[in-house]
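Chain and residue survey
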Amino acid sequence: MSIQIQQTSVKIPLVSKEALDLDAFIPIFHEWIRERRIDNELLIDVADYRHVPNGPGVMLIANEAHYAIDSEDGETGILFCRKRDALGDPEAAFRDALQRAANAASLIEKEESFGGTLSFDTSRIQMRVLSRLTAPNTEETRAELEPVFRKVLESVGYAGADLAPPSDLRQPFGLAVNACSIAPDLAALLTAL
Amino acid sequence: MSNTNNSQSWVQQLGESIPTDMAEEIDAFETNITLRKAGKLDPKIFAESRLRRGAYGQRYDNGRRHDGIKTQELVYPSGDLVKGPETIWDAPGMMRIKSPMGIASNEQLETLADLAEEYSDSILHVTTRQEIQLHFVHIDTTPDIMRRLAAVGITTREACGNSVRNVTACQFAGGCSTAAFDVTPYAKATTYYLLGHKDIQDFGRKFKIAFSGCKPNPCGMAMFHDIGCVAVTKEIDGEVKRGFEFYVGGGLGAVPFQAQLLDGFVPEDELLPLCQAVCRVFSRLGERKNRARARLKFVVKKLGIEEFRNVVAEERKTIPQDERWTKYLADVDTVTEIPLREGRQLEQSAIDALDDSIRDDFTYWRKHNIWQQPQTNYVTATVRLPLGDFTSSQVRKLTDITRKFTGDTVRFTVEQNLVVRHVSEADLPEFYQELSEAGLASPGASTIADIVACPGTDTCKLGISASRGLASELEKKFSKRLYQDPEVEKLHIKASGCFNSCSQHHVADLGFLGVSRVVDGRRIAHFQFVLGGQWANNGGAYGLAIGAYPSKRIPEVIDRTLAFWKAEREEGEDLKGFVARMGRATIKKQLEDLRKIPSYEEQPDFYTDWGDAREYTIGDLGTGECAGEVVSIVDFGLQDAERRLFEAQLDLEGGKTGEASVAAYKSMLTAAKALIMVFNIDIQEDPDRVVSDFRKHFHDTKRFHDPFAGAKFANYLLKRYENPPSLNDDNLVAREAIDEALLFVEAAQGCYQRMQGDI
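Computed from a prediction, not measured in an experiment: that's the story for all the values here.

Each value, and the rule that gives it
Residues numbered from 1 in each chain as written. Chains lettered and ligands numbered in written order. Predicted model: local features only at pLDDT ≥ 70, side-chain atom pairs only at ≥ 80, totals over all residues. Heavy atoms only, no water. Helix = DSSP H or I, 4+ residues; strand = E, 2+ residues; numbered from the N terminus. Rg over C-alpha atoms; globule rule 2.2 N^0.38 Å. Buried < 20%, exposed > 50% of the residue type's maximum accessible area, 1.4 Å probe, protein only. Contact = heavy atoms within 4.5 Å. Areas by Shrake-Rupley, 256 points an atom, 1.4 Å probe, with all protein chains shown as cover. Lys, Arg positive; Asp, Glu negative; His and termini not counted. Charge placed at Lys NZ, Arg CZ, Asp CG, Glu CD. Core = buried A, V, L, I, M, F, W, Y, C linked by side-chain atoms within 4.5 Å. Salt bridge = Lys/Arg side-chain N within 4 Å of Asp/Glu carboxyl O. Buried area = accessible area lost by both parts, 1.4 Å probe. Polar contact = N/O pair within 3.5 Å; in protein donor to acceptor, adjacent residues only side chain to side chain. Nonpolar A, V, L, I, M, F, W, Y, C, P; charged D, E, K, R; others polar. Pairing = 2+ DSSP bridges. Axes fitted to C-alpha atoms, helices over the stretch in contact; angles between N-to-C directions. Phe/Tyr/Trp six-rings, centres within 6.5 Å; stacked < 30°, edge-to-face > 60°. Lys NZ or Arg CZ within 6 Å of the ring centre and 35° of its normal. Parallel < 35°, antiparallel > 145°, perpendicular 65-115°, else oblique. Left-handed = near helix turned anticlockwise from the far one by under 90°.

As a further point, take the overall build of chain A. Looking only at helices and strands, one finds 4 helices and 8 strands in chain A. Its helices and strands in sequence order give chain A the pattern β-α-β-β-β-β-α-β-α-β-β-α, from N to C terminus. In terms of overall dimensions, chain A is globule-like: its C-alpha atoms have a radius of gyration of 16 Å, near the 16 Å expected for 193 residues. Structurally, chain A occupies a C-alpha span of about 45 × 35 × 30 Å along its principal axes. Every one of the 193 residues in chain A was classed for burial, and the buried ones make up 60%. Counting only contacts in chain A whose residues sit at least 6 apart along the sequence, the fraction spanning at least 24 positions is 65%. Of the accessible surface of chain A, which amounts to about 7,300 Å², a share of 47% is contributed by carbon and sulfur atoms. Charge separation in chain A, taken as the distance between the mean sites of 19 positive and 30 negative side-chain charges, equals 3 Å.

This paragraph deals with the nonpolar core. One finds Phe390(B) and Phe431(B) to be the most contacted residues of the largest nonpolar core, which totals 63 residues. When residues of this core are assigned to their parent elements, the largest contribution, 6 residues, is made by helix 4 (residues 106-119) of chain B. Listed in part, the 56 residues of the second largest apolar core include Val10(A), Ile33(A), Leu98(A) and Phe149(A).

It is worth spelling out the pattern of salt bridges at this point. Evaluation of the coordinates by the stated rule reveals 84 salt bridges over all chains. For Glu489(B), the salt bridge identified is with Lys367(B), shortest N-O distance 3.5 Å. You can see Glu489(B) sitting in helix 16 (residues 486-489) and its partner Lys367(B) sitting in helix 12 (residues 356-369), a full 122 residues away along the chain. The partner of Asp485(B) in a salt bridge is Arg569(B), and the shortest N-O contact between them spans 2.5 Å. With Asp485(B) in the loop between helix 15 (467-478) and helix 16 and Arg569(B) in the loop between helix 18 (554-568) and helix 19 (575-582), the pair connects residues that are 84 residues apart, well separated along the chain. Looking at Asp485(B), the relative accessible area reads 12%, which means it is buried. The partly exposed category is assigned to Arg569(B), whose relative accessible area is 25%. Several salt bridges share partner residues, and in doing so they unite Arg132(A), Asp114(B), Glu117(B), Glu118(B), Arg148(B) and Arg396(B) into one network.

If you look at the interface, chain B gives 52 residues, while chain A gives 45 residues. When the area that chain B buries against chain A is broken down by residue, the three leading residues are Glu118(B), Phe136(B) and Arg396(B), summing to 14%. Run the count over chain B and chain A and you get 7 salt bridges. Residues Arg132(A) and Glu117(B) are paired through a salt bridge, measuring 2.6 Å at the closest nitrogen-oxygen approach. Applying the counting criterion to the chain B and chain A interface returns 21 residue pairs in polar contact (both at pLDDT 80 or more). Of all the secondary structure elements, the ones that give two or more residues to the side of chain B that touches chain A are helix 1 (10-14), strand 3 (71-73), helix 4, strand 17 (389-391), helix 13 (392-405) and helix 15 of chain B. Sort the elements by how many residues they give to the side of chain B that touches chain A and helix 13 of chain B lands first, with 6 residues. Across the side of chain B that touches chain A, the residue classes break down as 15 nonpolar, 18 polar and 19 charged.

In this section: the sheet that holds strand 15 (residues 370-372) of chain B. Residues and elements named next belong to chain B. Here we have 5 strands laid out as an open sheet, ordered 7-18-19-16-15, and antiparallel in their pairing. Each having just a single partner strand, strand 7 (103-105) and strand 15 make up the two edges of the open sheet. When strand polarity is set aside, the average angle formed by the axes of neighbouring strands in this sheet is 30°. As judged from the 3 bridges shared by strand 15 and strand 16 (residues 378-383), these two strands associate in the antiparallel manner. The partner of Ile-370 across the bridge, within strand 16, is Ala-381. Across the sheet, helix 4 touches strand 7 and strand 18 (409-412), and the angle it forms with strand 7 is around 85°.

Residues and elements named next belong to chain B. Applying the stated criterion across every chain yields a total of 34 aromatic pairs over all chains. An angle of 90° between the planes, with centres 5.5 Å apart, marks the rings of Phe-405 and Phe-431 as edge-to-face. In this pair, Phe-405 sits in helix 13 while Phe-431 sits in helix 14 (residues 428-437), placing the two residues 26 residues apart along the sequence. Taken as a pair, Phe-405 and Phe-431 share a single burial class, namely buried. In textbook terms, an aromatic cluster arises when at least three aromatic residues are bridged by ring pairs, as seen for Phe-181, Tyr-186, Phe-211, Phe-244 and Tyr-328. Residue placement shows Arg-96 over the ring face of Tyr-56; its charged tip is 4.9 Å from the ring centre. Above the plane of the ring of Trp-565 lies Arg-569, whose end atom (NZ or CZ) is 4.7 Å from the centre.

Residue and element names in this part refer to chain B. Across the 10 residues of strand 22 (residues 510-519), 7 count as buried, placing the element largely inside the fold. Here strand 21 (residues 493-496) pairs with strand 22 via 4 bridges, running parallel. Considered in strand 22, the bridge of Ile-493 is made with Leu-510. Across 10 bridges, the pairing between strand 22 and strand 23 (residues 522-531) is antiparallel. Paired with Arg-517 across the two strands is Ile-524, which belongs to strand 23.

This paragraph deals with the side chain of Asn62(B). Residues and elements named next belong to chain B. Structurally, the position occupied by Asn-62 is in the loop between strand 1 (55-56) and strand 2 (64-66). A distance of 3.1 Å separates the side chain of Asn-62 from the backbone nitrogen of Arg-64, its partner in a polar contact. Residues within four places of Asn-62 in sequence aside, it is in contact with Glu-86, Ile-88 and Leu-621.

What follows concerns the environment of Cys176(B). Residues and elements named next belong to chain B. The residue Cys-176 is located in the loop between strand 10 (168-169) and helix 6 (184-194) in this model. Separated by 197 residues in the primary sequence, Cys-176 and Gln-373 have C-alpha atoms spaced 5.5 Å apart. If near-sequence neighbours (up to four positions away) are discounted, Cys-176 is found in contact with Trp-371 and Pro-374.

All names here are of chain B. The interhelical angle for the contact between helix 6 and helix 7 (residues 271-285), taken along N-to-C directions, is 45°, at an axis separation of 10 Å. Overall, the two elements helix 6 and helix 7 adopt an arrangement that is oblique. Like other packed secondary-structure pairs, helix 6 and helix 7 cross with a definite hand, here right-handed. Counted together, Tyr-186, Ala-189, Thr-190, Tyr-193 and Leu-194 of helix 6 and Leu-271, Leu-272, Cys-275, Gln-276 and Cys-279 of helix 7 form the full contact between these two elements. Across the contact of helix 6 with helix 7, the residue classes break down as 8 nonpolar, 2 polar and no charged.

Written as structure tokens, this is what we have:
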């Protein structure tokens, strides 16, 4: 394995909801910072991008990563992006990103202010490597990383999932799980991770 | 931490696509990072060197953040390592990226999008100086960011710090019927002539230059810049000549000054030398100790415009001729932006054919976002970016659109938008629909809904109130087209988070600057309300504050003010005229009840700021970096010598003994040259000249002599000069050269410290 990666991202969409109240995430994320809700992450601040159409909505900024209630491509979900850390084994990096995204999704689902109305659709997951140096969006990268991604996914219950690359080659390399019929629910996913 | 894998780096990946001089500058900056991490470079000098490369601090980088209840320590992994005074290494920072005249090609835009996605938060932020800022960037990644930018022709050099900042110009230049001529090539020539020029390396404060194609329209904002150039023509000997009304000493900030006319007609061939002369005067006479009074405007005020004019004229005579002053003039009429499509008229039938659901929106968008070009059937379209923000994903959609409809460039604007030029009118419906699909078709450009805001408490260390939070709220409110009155629609709102005026609130019709007040022991975010400013005439008049109002009441303050104006205005009376006629006291009286603060128990929400759930505090204020660190040109030279010495050591470690020997000698020459600058700012790189001047000013005068070792260290340089190093030098020679260079550079530091005592 020659590719080493650090800048990974995972997005898990929300189960479609007509009008998501993005405003609610501002006090929630401030509380997460105050109460240090996420282990092993130095949470720093909340960035408000609600004014940007199809943008990152509300972001929780951490030292090595950020979390966003992201609506890029028109679909809202929790996005975890690792920006910094030592380069490492792609399997560990991807597993870690998936775990952190799922953990944040779980925390959101449990937020009292939503009264149990929000849930995440684990049958669809978007994974990316945000480094055009270590993982350019090419067939070679796909040949190297797809088996790794697939191995992690199979280990947590996505056996045989279809993986699709982004249609625009200018985007970072990534693969998306679409409508996987055997996907674990969020609790099962977290347990498996 | 490296940002590369085992086998590849951006240096290797980009190779020769980075111009050599830019590659060397970035390598030098990366070496500074290494030196700072090793504790071998003073934090203050590193801070100014990173600022001059566009790497800025950001809120909470002092390791403290108030969480609404108490201040928490942010324990960054880097521990005590700092990137400047009170600025922790690992804390996220901001990267400011120059785009002269706001111009960006498709390739550059896509690179910016990639960088935002990989190193920032996928947001590109357009500033009021037509640049791009990326936030939450780690300092370790900045060299690679700079390399990737350099590979597409972008530099971050002198984007911050005490230097000439991004040169701005009308976004319509070259496509404007009110302009005397296209100022783009002149602004470009000024940019690249002054970039890195030795005459601008020793400023006590930043320096801003703007170009405007005409006087009445506000795009260029020449009147509040250190140098403001307004294009004019003049008939001389029967021939129409191009030139500029040349203004100096304008500026906003806490103490706004209108620029004063230095010369009513500066011929085009005198533009660059006159800019250079003004810079040299500023470098020589500008304040160093009191940063609050260090801008050019205070020099002009102190001397008076007549005396300042004389001093500049004298300075101009001393500047050696430079072929670059006029070389570019041969190409000023070369059209660089060729429309992609034939200009065709928009037929009403095409509008009628639009779907009912979008026809009204298109019509409204067309009304405010389209600028008619003098080129027949071409228009410039403004892409309004709420709060100046757009995403990496939107950038890629935008470049698809420009490639399809117009060609290769966009221009960022001082109103934090961007324009797409040379759109064929007939394409507008399709163009609009594609923008709309990309989330880029916000209407109301340059109207009351098009709010300008600085970063404020979101990311700025100096922010007192949430200017972006307020702007977002007002943007939502006014985007609903509440006011059908065209006189209201054309008003401008600008909100700054503090008195520094980064949103340019002084020239807004309705301006706001963040302050705070304590009521019953609790602090509450407020904004001073500034009325009477003028956006037209290049920012022709500055407003004055009429009082501070609670942040949460600002929408009501605006509504009340507009209602009063609409009810009482005389025919054709604009808001500025109304304020002048009625008097601020009268308007203030109308707003008096809005100053009242509900109790905390009644309305706790009042004690938070817009877009922030925490109870309001000013405990997060830090030390601003706008002023940079006053580091002399000699300090920089000596630091450069240390960097070269460090590189020599690396060469030696890598077995490149000859290179190490040569680099060690160069480090001595660099240190000597830095010292010589005290006497001769124009000293060249030539070793003969450096050694000759060093001998004259430092050796023969014994100025360089060590109190204990006498001439010993000076002789290291003189000996090497007589017997220069060679690439064939072996390890022994190289080692000796490095040891000697180390002592020489240290002696140069000591000499300069002694001289500062003398000075």
